[in-house]
Amino acid sequence: MSLYKRFSIPFTNLYFLRWYPKSKTDIHGHPNKTTNQFVIKGLLKECVYRSNDSGYYILRSQLLRKHRCSYINDTIGYHTIENLSDKPTWTLHYDSYHR
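Predicted model only: the values in this text are computed from it and were never measured.

Peer 1: Account for the environment of Y49, naming residues and giving values.
Peer 2: Relative to the elements of secondary structure, Y49 occurs in strand β4 (residues 44–52). Sequence spacing of Y49 and N73 is 24 residues, and the spatial spacing of their C-alpha atoms is 11 Å.

Peer 1: Lay out the pairing of strand β1 (residues 4–8) in plain terms, naming residues and giving numbers.
Peer 2: Along any regular strand, the residues point their side chains to alternate faces of the sheet. Sheet topology places β1 next to strand β2 (residues 14–19); 5 bridges connect them, and they run antiparallel. By the bridge assignment, Y4 is partnered in β2 with W19. Counting the residues that bridge the hairpin from β1 to β2 gives 5 residues, and of these F11 lies at a positive phi of roughly 65°.

Peer 1: Go over the side chain of S23, please, and point to the residues and values.
Peer 2: Along the chain, the position of S23 falls in the loop between β2 and β3 (33–41). The class of S23 is buried, set by a relative accessible area of 6%. At a separation of 2.7 Å, a polar atom in the side chain of S23 contacts the main-chain carbonyl oxygen of Y20. Discounting chain neighbours no more than four positions away, the residues touching S23 are L3, I81, E82 and N83.

Peer 1: Can you break down unusual backbone geometry residue by residue, with the values?
Peer 2: Leaving glycine aside, a negative phi is the common case for residues, and trans is the common case for peptide bonds. With a phi angle near 65°, F11 is a residue other than glycine that sits in the positive phi range. You can see F11 is positioned in the loop between β1 and β2. With phi around 60°, K22 is a residue other than glycine that occupies positive phi space.

Peer 1: Could you give an account of the layout of surface pockets, with specific residues and numbers?
Peer 2: In this structure, the largest pocket encloses a volume near 240 Å³. Together, 19 residues line the largest pocket, and Y15, L17, H28, H30 and H93 are the ones closest to its centre. Of all the secondary-structure elements, those providing two or more residues to the lining of the largest pocket are β1, β2, β3, β6 (69–72) and β7 (78–83). Taken together, the residues of the lining of the largest pocket sort by class into 8 nonpolar, 8 polar and 3 charged.

Peer 1: Explain the sheet that holds β4 to me, using residue names and the numbers behind them.
Peer 2: Read across the open sheet, the 3 strands follow the order β5-β4-β7; overall the sheet is antiparallel. Two strands lie at the open edges of the sheet, namely β5 (55–64) and β7, each paired on one side alone. This sheet shows a mean twist of 20° between the axes of neighbouring strands, independent of strand direction. Pairing between β4 and β5: 9 bridges, direction antiparallel. Note on β5: the bridge partner recorded for N52 is G55.

Peer 1: Go over the sheet that holds β3 with me, naming the residues and quoting the values.
Peer 2: Spatially, β1-β2-β8-β3-β6 is the arrangement adopted by the 5 strands of the open sheet, whose pairing is antiparallel. Each having just a single partner strand, β1 and β6 make up the two edges of the open sheet. For this sheet the average axis-to-axis angle between neighbouring strands, irrespective of direction, equals 25°. Looking at chain direction, β3 and strand β8 (residues 89–97) are connected through 8 bridges and run antiparallel. Along β8, the bridge assignment pairs F38 with L92.

Basis of the calculations
Residues numbered from 1 in each chain as written. Predicted model: local features only at pLDDT ≥ 70, side-chain atom pairs only at ≥ 80, totals over all residues. Heavy atoms only, no water. Helix = DSSP H or I, 4+ residues; strand = E, 2+ residues; numbered from the N terminus. Pairing = 2+ DSSP bridges. Buried < 20%, exposed > 50% of the residue type's maximum accessible area, 1.4 Å probe, protein only. Polar contact = N/O pair within 3.5 Å; in protein donor to acceptor, adjacent residues only side chain to side chain. Contact = heavy atoms within 4.5 Å. 1 Å grid on protein atoms, 1.4 Å probe; cavity = no way out; pocket = protein on both sides within 12 Å on 5 of 7 lines; lining within 4 Å. Points joined across faces, edges and corners; volume = space filled by probe spheres on them. Nonpolar A, V, L, I, M, F, W, Y, C, P; charged D, E, K, R; others polar. Axes fitted to C-alpha atoms, helices over the stretch in contact; angles between N-to-C directions.

Here it is, written out as structure tokens:
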């Protein structure tokens with residue numbers, strides 16, 4: 001099952017995500033880009049990780065409530081996103097690409 005539904009805005013690097021209730025991503029990175037997210041409605045939990053020879057370890061976690069922002073790239077680390085709500089959570093994303 002999908003964790004979210006993506007709604008792209010044509011001709012831009014902007015898109016909305018509708019996160020399904022209680023969905024959670026695997027630990028993942030954002031190679032060659034920085035992804036910025038803004039919570040429009042709902043509640044998310046973001047955990048940021050780094051990796052070493054033993055695997056991943058957590059750097060920090062934060063709750064992202066309505067009107068809160070976060071950003072991630074592979075210099076910062078990897079992350080998971082979890083919708084803590086029983087209802088859909090909506091976010092707006094902007095990707096800036098690196099070379």
